[in-house]
Amino acid sequence: MGETVAYQANTIAAELAEKVGGRSVMLHIPDSLSQKALEQLLEDPYIQQRLPVIRSATVVVHGIGDALAMARRRHASESELALLAERAAMAEAFGHYFNACGDVVYAMQTIGLRLNDVERARVVMAVAGGASKAQAIAAVAQAYRIDVLVTDEGAARRLLQMKSESDM
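Residues numbered from 1 in each chain as written. Predicted model: local features only at pLDDT ≥ 70, side-chain atom pairs only at ≥ 80, totals over all residues. Heavy atoms only, no water.

Undergrad: Hey, could you run me through the nonpolar core in this one?
TA: Side chains that are nonpolar tend, in soluble globular proteins, to be buried together. Counting residues in each nonpolar core, the largest one holds 26 residues, and the members touching the most others are Leu27, Ile64, Phe94, Phe98, Ile111, Val140 and Tyr144. Contributions of two or more residues to this core are made by helix H3 (45–55), strand S3 (91–93), helix H6 (115–120), strand S6 (123–127) and helix H7 (134–143). No other element matches the four residues that H7 contributes to this core. For Phe98, the contacting residues outside a window of four places in its chain are Ala88, Ala89, Met90, Ala91, Ala93, Asp103, Val104, Val105, Leu115, Val140, Ala143 and Tyr144. Ranked by size, the runner-up nonpolar core spans ten residues in total, among them Met70, Ala76, Ala89 and Met108. (Core = buried A, V, L, I, M, F, W, Y, C linked by side-chain atoms within 4.5 Å. Buried < 20%, exposed > 50% of the residue type's maximum accessible area, 1.4 Å probe, protein only. Helix = DSSP H or I, 4+ residues; strand = E, 2+ residues; numbered from the N terminus. Contact = heavy atoms within 4.5 Å.)

Undergrad: Looking at this model, I keep getting lost on the sheet that holds strand S7 (residues 148–150). Mind explaining?
TA: Paired through their backbone hydrogen bonds, the strands of a sheet run either parallel or antiparallel. What the three strands build is an open sheet, ordered S1-S6-S7; its pairing is parallel. The open sheet has two free edges, formed respectively by strand S1 (59–63) and S7, since each of these has just one partner strand. The sheet shows a mean angle of 20 degrees between the axes of neighbouring strands, direction not considered. Of the pairings in the sheet, the one linking S6 to S7 comprises three bridges and is parallel in character. Its bridge partner being in S7, Ala126 is matched across the sheet by Leu149. (Pairing = 2+ DSSP bridges. Axes fitted to C-alpha atoms, helices over the stretch in contact; angles between N-to-C directions.)

Undergrad: Looking at this structure, I do not really get the environment of Leu149. What am I missing?
TA: Considering the arrangement of structural elements, one finds Leu149 in strand S7. With eleven residues separating them along the chain, Leu149 and Ala138 place their C-alpha atoms 11 Å apart. Look past the residues within four positions of Leu149 in its chain and what remains in contact with it is Ala126, Ile137 and Leu159.

Bear in mind that shape data such as this cannot, by itself, settle questions of function.
Spelled out as structure tokens, the structure:
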């Protein structure tokens, strides 16, 4: 996605798996594929072999993104961007876009982990940093269980500030 590879969830997952004696399985598929391309990929033997393994993960490490920023990176159409704005999308994870209450307001067709796969995982670890990601982190935390959040001081301080503002 154009970010520093060392900080991407895939890299962190691979290093974590290595350190604890586990294994990391990655499936690299572009986000913006046509319906026909998605269907063809689902028929591919490599994909068919990998999907059950990925979907049975016991530890999931994933990133959380700002909804509109992620949609732009995924080459969403202008109508999709308008829909996300209209529905007040705040966060993106697993190709799903969430509002501040954690409700799914839009879902892209993707191949890989789905939200119901995450529910079955033993440990769910989310990675997001920067004060600008605080609203996205808060929205996703309303949507599903996050056992471990890897973040930075900027996001943590903003999350605490948001919490104290909502308690007023």
